[in-house]
Amino acid sequence: MKSTAYLPLLGRILIGLPFLMSGIGKIAAYGATTAYIASVGLPMAPVGWAVAILVEVGGGLCLLAGFRAQPVALCLSGFTLIAAICFHHNFGDQNQMIHFLKDVMIAGGLLQIAHFGAGRLSLDSRR
């Protein structure tokens, strides 16, 4: 096996682990998270909280395992772009711009996974 065979696994870990950690963090911070969701004018903050946890924890775990990585990566890419637009749209604030661009870059990496797949070291490759 070529040494580059490990790169898709490493890429999935580097993208999937922050999603998993963010989702777990939201579980422990219901009040703060729902308040933040509501502060940007989004309706039904508790539903948004639950959806974010499901997408981030579920998607993060799927990416780490390489399970259904292509549709999961496409879903996470859309989720990340929507989050960037909803939460990081104040480009006059340099911190917001950095977060927006970070989200755009993550979405780009996820689109690579959506196109090329999870790689050889994944549950998807066993099917």
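Parameters and conventions
Residues numbered from 1 in each chain as written. Predicted model: local features only at pLDDT ≥ 70, side-chain atom pairs only at ≥ 80, totals over all residues. Heavy atoms only, no water. Phe/Tyr/Trp six-rings, centres within 6.5 Å; stacked < 30°, edge-to-face > 60°. Buried < 20%, exposed > 50% of the residue type's maximum accessible area, 1.4 Å probe, protein only. Helix = DSSP H or I, 4+ residues; strand = E, 2+ residues; numbered from the N terminus. Expected span 1.5 Å × (residues − 1). Contact = heavy atoms within 4.5 Å. Core = buried A, V, L, I, M, F, W, Y, C linked by side-chain atoms within 4.5 Å. Axes fitted to C-alpha atoms, helices over the stretch in contact; angles between N-to-C directions. Parallel < 35°, antiparallel > 145°, perpendicular 65-115°, else oblique. Left-handed = near helix turned anticlockwise from the far one by under 90°. Nonpolar A, V, L, I, M, F, W, Y, C, P; charged D, E, K, R; others polar.

Draft legend 1. Quick peek at the packing of aromatic side chains. Inspection of the entire model under this criterion finds three aromatic pairs. Taken together, a centroid distance of 4.9 Å and an interplanar angle of 70 degrees make the contact between Phe91 and Phe100 edge-to-face. Since its relative accessible area comes to 42%, Phe91 is described here as partly exposed.

Draft legend 2. Main features of helix α3 (residues 45-65). Between the first and last C-alpha of α3 there are 30 Å, a value that for 21 residues agrees with the 30 Å anticipated at 1.5 Å per step. Among the residues of α3, Ala45, Trp49, Ala52, Ile53, Val55, Glu56, Val57, Gly59, Gly60, Cys62 and Leu63 are the ones counted as buried. On the buried face of α3, the contacting elements are α1 (7-28), α2 (30-39), α4 (69-87) and α5 (94-116). Just beyond α3, the residue with positive phi is Gly66, at close to 70 degrees.

Draft legend 3. The nonpolar core, seen in detail. Core analysis: the largest hydrophobic core is formed by 13 residues, its most contacted members being Ile15, Leu63, Ala73, Leu76, Leu110 and Ile113. Those elements that provide at least two residues to this core are α1, α3, α4 and α5. Here this core takes four residues from α4, the largest share from any one element. Ala73 has contacts with Leu63, Leu110, Ile113 and Ala114, leaving out every residue within four places of it along the chain. Ranked by size, the runner-up nonpolar core spans seven residues in total, among them Leu20, Ile37, Ile53 and Val57.

Draft legend 4. Summary view of the packing of α3 against α4. As a packed pair, α3 and α4 sit with axes 10 Å apart at the nearest point and diverge in direction by 140 degrees. It follows that α3 is oblique to α4 by the angle criterion. Note on packing geometry: the crossing formed by α3 with α4 is left-handed. Judged by residue contacts, Ala52, Val55, Glu56, Gly59, Gly60, Cys62 and Leu63 of α3 engage Ala69, Val72, Ala73, Leu76 and Phe79 from α4. Partitioning the contact of α3 with α4 into residue classes produces nine nonpolar, two polar and one charged.

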